[in-house]
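# Structure at a glance
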Amino acid sequence: MDLRIFTEPQQGATYDTLLSVAKATEDLGFDAFFRSDHYLHMGDVDGLPGPTDAWLTLAGLARETKRIRLGTLMSAATFRLPGVLAIQVAQVDQMSGGRVELGLGAGWYEEEHTAYGIPFPKEKFARLEEQLAIVTGLWKTPVGETFSHDGAHYQLTDSPALPKPAQSQVPVLIGGHGPTRTPRLAARFADEFNMPFASVEDSERQFGRVRAAAEEAGRKGDDLVYSNALIACVGKDDAEVARRAAAIGREVPELKENGLTGSPAEVVDKIGRYAEAGASRIYLQIMDLDDLDHLELISSQVQAQLA
């Protein structure tokens, strides 16, 4: 089971804070550092000092880390034109020496679009499908050839399809709960399917749908990595768990029901149930980015047991 650290900087984080978490992620042996791609806070927080851009952040981290994978859960297709996104991700991949992964979703948070003047179209899924076709198509076009796309939402004519990523294939992540269109899209484009904030039972059902869609599309179900994103709140004892839950404004019973919460032994047991459902990778959503002792505990007493 791969464990990856997943952050939500829109809730309030500087680049320096994210750098500290990324360096701890690397030093403590986790597989990757991922971040959300949002421009507005959610819930009862002020979000100070304000948002950081996902791909600018990852470009900086690419130069200041050496081993960990870097990526987004998920970039919104509404934020960037697909040709520009392909250039950005390819450049960050070059800067990292080939450690980047692209999670791409349709976009859903209307308020952040309104707040920063970003168009929020009614039909988002079809745009996402075209974006995936364009981004992957640009990367796959051989050097010296051109790429064109004439779609309902985007048109590219004789693009040189440059630059190329350092990796021969940047892993693409697609996720979500949709029972029909999402599995089909994952079967067509994804290297990894992520089920966010879902129960073991719902994850197993959705993984099954994606496997079936992959086989229908001529792929093997095991061609994809299957993963979950879950909030983490781990403590050596009940008092430490309660302290960490209070620090992020959550209740322990709710966190235990919906995430990976409790003692290291409890968390290892629950991860085992997700593994039985088909997951081989977990994104640990860490909300208190100043609590690096939390990462150390997970590394030494959860990840060590899984290894």
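Above this text you will find the structure in question.
For every chain, the first residue of the written sequence is number 1, and numbering continues from 1 along that sequence. In keeping with the model being predicted, local features are shown solely for residues with a pLDDT of at least 70 and side-chain atom pairs are shown and tallied solely at 80 or more, while totals for entire chains, interfaces and linings include all residues. For the side-chain quantities, the full set of heavy atoms in the structure was used; hydrogens and water were omitted.

### Some remarks on the overall build of the protein chain
Secondary structure assignment for the protein chain yields 11 helices and 12 strands. All radius of gyration figures rest on C-alpha atoms, and the globule criterion is 2.2 Å times the number of residues raised to 0.38. Since a compact globule built from 307 residues should have a radius of gyration of about 19 Å, the 19 Å found for the protein chain is in line with a globular shape. Each of the three principal axes of the protein chain carries a C-alpha extent, and together these read 60 × 45 × 35 Å. Across the 307 residues in the protein chain, those meeting the buried criterion constitute 54%. Only the protein chains shown count as cover for residues, with accessible areas throughout obtained via the Shrake-Rupley method and a probe of 1.4 Å. If you sum the accessible surface of the protein chain, you get close to 13,600 Å²; carbon and sulfur atoms cover 50% of it. Placing the 30 positive and 45 negative side-chain charges of the protein chain at their respective mean positions leaves the two points 4 Å apart. Elements are defined by DSSP. Helices are runs of H or I of four residues or more, strands are runs of E of two residues or more, and each kind is numbered from the N terminus. The cut-offs for exposure are 20% and 50% of the maximum accessible area for each residue type, with area from a 1.4 Å probe on protein chains only; residues under the lower value are buried, those over the upper are exposed, and the others partly exposed. Counted charges follow a simple rule, with Lys and Arg positive, Asp and Glu negative, and His plus the chain ends left uncounted. Note that the charge is assigned to NZ on lysines, CZ on arginines, CG on aspartates and CD on glutamates.

### As for the packing of aromatic side chains
Aromatic pairing here means that ring centres of Phe, Tyr or Trp (its six-membered ring) are within 6.5 Å. Orientation follows from the plane angle: under 30 degrees is stacked, over 60 is edge-to-face, and everything else is tilted. Scanning the entire structure with this criterion turns up 6 aromatic pairs. Residues Tyr-39 and Phe-79 carry aromatic rings whose centres are separated by 4.7 Å and whose planes lie at 35 degrees to one another, so their mutual orientation is tilted. With Tyr-39 in the loop between β2 (32-35) and α2 (54-64) and Phe-79 in the loop between β4 (75-76) and α3 (82-96), this pair connects stretches of sequence that are 40 residues apart. Taken individually, Tyr-39 and Phe-79 each receive the classification buried, so the pair is uniform in this respect. Here Trp-108 and Tyr-109 contribute two aromatic rings whose centre-to-centre distance is 5.1 Å and whose plane-to-plane angle is 25 degrees, an arrangement assigned as stacked. Residue classification places Trp-108 among the exposed residues on the basis of a relative accessible area of 56%.

### As for the side chain of Glu-26
Assignment of secondary structure puts Glu-26 in helix α1 (residues 15-27). With no salt bridge to any partner, buried Glu-26 finds its closest opposite charge in Arg-99, at an N-O distance of 4.6 Å. Among the polar contacts made by the side chain of Glu-26, one reaches the main-chain amide nitrogen of Arg-67 at a distance of 2.5 Å. Apart from residues no more than four positions distant in its own chain, Glu-26 is found in contact with Thr-65, Lys-66, Arg-67 and Ile-68. Within this document, salt bridges are pairs made up of a side-chain nitrogen of Lys or Arg and a carboxyl oxygen of Asp or Glu, the two lying within 4 Å of each other. In the analysis that follows, any N or O atom pair within 3.5 Å is treated as a polar contact, provided that within protein one partner can donate a hydrogen and the other can accept it, and provided that, for residues neighboring in sequence, both atoms belong to side chains. Any two residues whose heavy atoms approach within 4.5 Å at even a single point are treated as in contact.

### Some thoughts on the pattern of salt bridges
Taken as a whole, this structure holds 17 salt bridges when the rule is applied. Among the salt bridges present, the one from Arg-281 reaches Asp-2, with a minimum N-O distance of 3.2 Å. Note that Arg-281 is positioned in strand β12 (residues 281-286) and Asp-2 in strand β1 (residues 2-7), a separation of 279 residues in sequence. A salt bridge links Lys-236 to Glu-240; the shortest N-O distance between them is 2.8 Å. According to the relative accessible area criterion, Lys-236 is exposed, its value standing at 55%. Each of the salt bridges in this network shares a partner with another, and the network as a whole consists of Lys-236, Glu-240, Arg-243, Arg-244 and Asp-291.

### So, the packing of helix α10 (residues 264-277) against helix α11 (residues 292-306)
Comment: axis = line fitted to C-alpha atoms, over the contacting stretch for helices; angle = value between 0 and 180 degrees taken between N-to-C directions. At a closest axis distance of 10 Å, the pairing of α10 and α11 adopts a crossing angle of 45 degrees. Classified by the angle between their axes, α10 and α11 sit oblique to one another. Here the hand of the crossing between α10 and α11 comes out right-handed. Contacts from Pro-264, Val-267, Val-268 and Ile-271 of α10 reach α11 at Leu-297, Gln-301, Val-302, Gln-305 and Leu-306. Here the residues of the contact of α10 with α11 are counted per class, giving 7 nonpolar, 2 polar and no charged. Roughly parallel here means an angle under 35 degrees, roughly antiparallel means over 145, roughly perpendicular means 65 to 115, and every remaining angle is called oblique. Note on convention: the crossing is left-handed when the near helix lies turned anticlockwise from the far helix by less than a right angle, right-handed when the turn is clockwise. Three residue categories are used. Nonpolar comprises Ala, Val, Leu, Ile, Met, Phe, Trp, Tyr, Cys and Pro, charged comprises Asp, Glu, Lys and Arg, and polar comprises the others, including Gly.

### With respect to α1
Structural remark: α-helix, 3.6 residues per turn; residues separated by three or four positions point the same way. Over its 13 residues, α1 extends 18 Å from the first C-alpha to the last, a length consistent with the 18 Å expected when each residue adds 1.5 Å. Residues of α1 that are buried include every one of Thr-17, Leu-18, Leu-19, Val-21, Ala-22, Ala-24, Thr-25 and Glu-26, and no others. Packed against the buried residues of α1 are β1, β2, α2 and α11. Phi turns positive, to about 90 degrees, at Gly-29, one or two residues after α1. Expected span of a helix: the number of residues minus one, times 1.5 Å.

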